Amino acid sequence: MIYEIAALTIDPARMDEFEAAVAQARPHFEQARGFVSFALQRVIEEPGTYRLVVGWTSVEAHMVDFRESQGFQEWRALAGPFFTAPPCVVHVENVI
């Protein structure tokens, strides 16, 4: 299993709206092939900064199966308008 970690930045005044939009978008991830887990984490020291942590069976499940799906388009339509900077995405795997 791998994790997609996306650093997301939004206007701090819109945090409640953003969190509601992500909650609405969550089923699009859950229905995707290769989906394992989902978490949205708020960075305490930086208002308006979040980490989206999604578990996938493989990088391909995220970058091909999900990114080329209608679910990805729906996610971006719901959450994208809140971004004040492009998301920064990395993939990680546990080694210990």
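A brief structural summary.

1. Focus: the nonpolar core
If you look at the biggest cluster of nonpolar residues, it comprises 23 residues, and the most contacted ones within it are Leu8, Phe18, Phe29, Leu52, Trp56 and Trp75. Residue assignment for this core shows that the elements contributing at least two residues are strand 1 (2-9), helix 1 (15-30), strand 3 (49-56), helix 2 (59-66) and helix 3 (70-79). Sorting elements by how many residues they give to this core places helix 1 first, with six residues. Setting aside chain neighbours within four positions, we find Trp56 in contact with Met1, Ile2, Glu4, Phe29, Ala32, Arg33, Gly34, Phe35, Val36, Ala61, His62 and Phe66.

2. Description of the sheet that holds strand 3
Read from one edge to the other, the open sheet built from four strands follows the order 2-3-1-4, with strand pairing classed as antiparallel. In this open sheet, the two edge strands, each paired with only one partner strand, are strand 2 (35-42) and strand 4 (88-92). Shown here is a sheet whose adjacent strand axes are inclined to one another by a mean of 15 degrees, direction ignored.

3. Considerations on the environment of Ile5
Position of Ile5 among the secondary structure elements: in strand 1. Separated by 84 residues in the primary sequence, Ile5 and Val89 have C-alpha atoms spaced 5.6 Å apart. When neighbours within four sequence positions are excluded, Ile5 is seen to be in contact with Arg51, Leu52, Val53, Cys88, Val89, Val90 and Val92.

4. Structural notes on the pattern of salt bridges
Summed over the entire model, instances satisfying the criterion amount to four salt bridges. One salt bridge connects Glu17 with Arg14, and the closest N-O pair in it is separated by 3.4 Å. You can call Glu17 partly exposed: its relative accessible area is 42%. Between Arg33 and Asp65 there is a salt bridge, with the nearest N and O atoms lying 4.0 Å from each other. A residue pair is termed long-range when its members are at least 10 positions apart, and Arg33 in the loop between helix 1 and strand 2 and Asp65 in helix 2 qualify at 32 residues.

5. Regarding helix 3
Three or more residues of helix 3 are buried, namely Gly71, Phe72, Trp75 and Ala79. Projected down its long axis, helix 3 shows its buried positions confined to an angular sector of 100 degrees, all on one face. Opposite its buried face, helix 3 presents the exposed residues Gln70 and Ala77, each directed more than 90 degrees away. Taken together, the buried residues of helix 3 touch strand 1, helix 1, strand 3 and helix 2. A distance of 3.3 Å separates the backbone nitrogen of Gly71 from a side-chain oxygen at the start of helix 3, and that oxygen is part of Ser69.

Criteria and thresholds
- Residues numbered from 1 in each chain as written.
- Predicted model: local features only at pLDDT ≥ 70, side-chain atom pairs only at ≥ 80, totals over all residues.
- Heavy atoms only, no water.
- Core = buried A, V, L, I, M, F, W, Y, C linked by side-chain atoms within 4.5 Å.
- Buried < 20%, exposed > 50% of the residue type's maximum accessible area, 1.4 Å probe, protein only.
- Helix = DSSP H or I, 4+ residues; strand = E, 2+ residues; numbered from the N terminus.
- Contact = heavy atoms within 4.5 Å.
- Pairing = 2+ DSSP bridges.
- Axes fitted to C-alpha atoms, helices over the stretch in contact; angles between N-to-C directions.
- Salt bridge = Lys/Arg side-chain N within 4 Å of Asp/Glu carboxyl O.
- Arc of directions from axis to C-beta.
- Polar contact = N/O pair within 3.5 Å; in protein donor to acceptor, adjacent residues only side chain to side chain.

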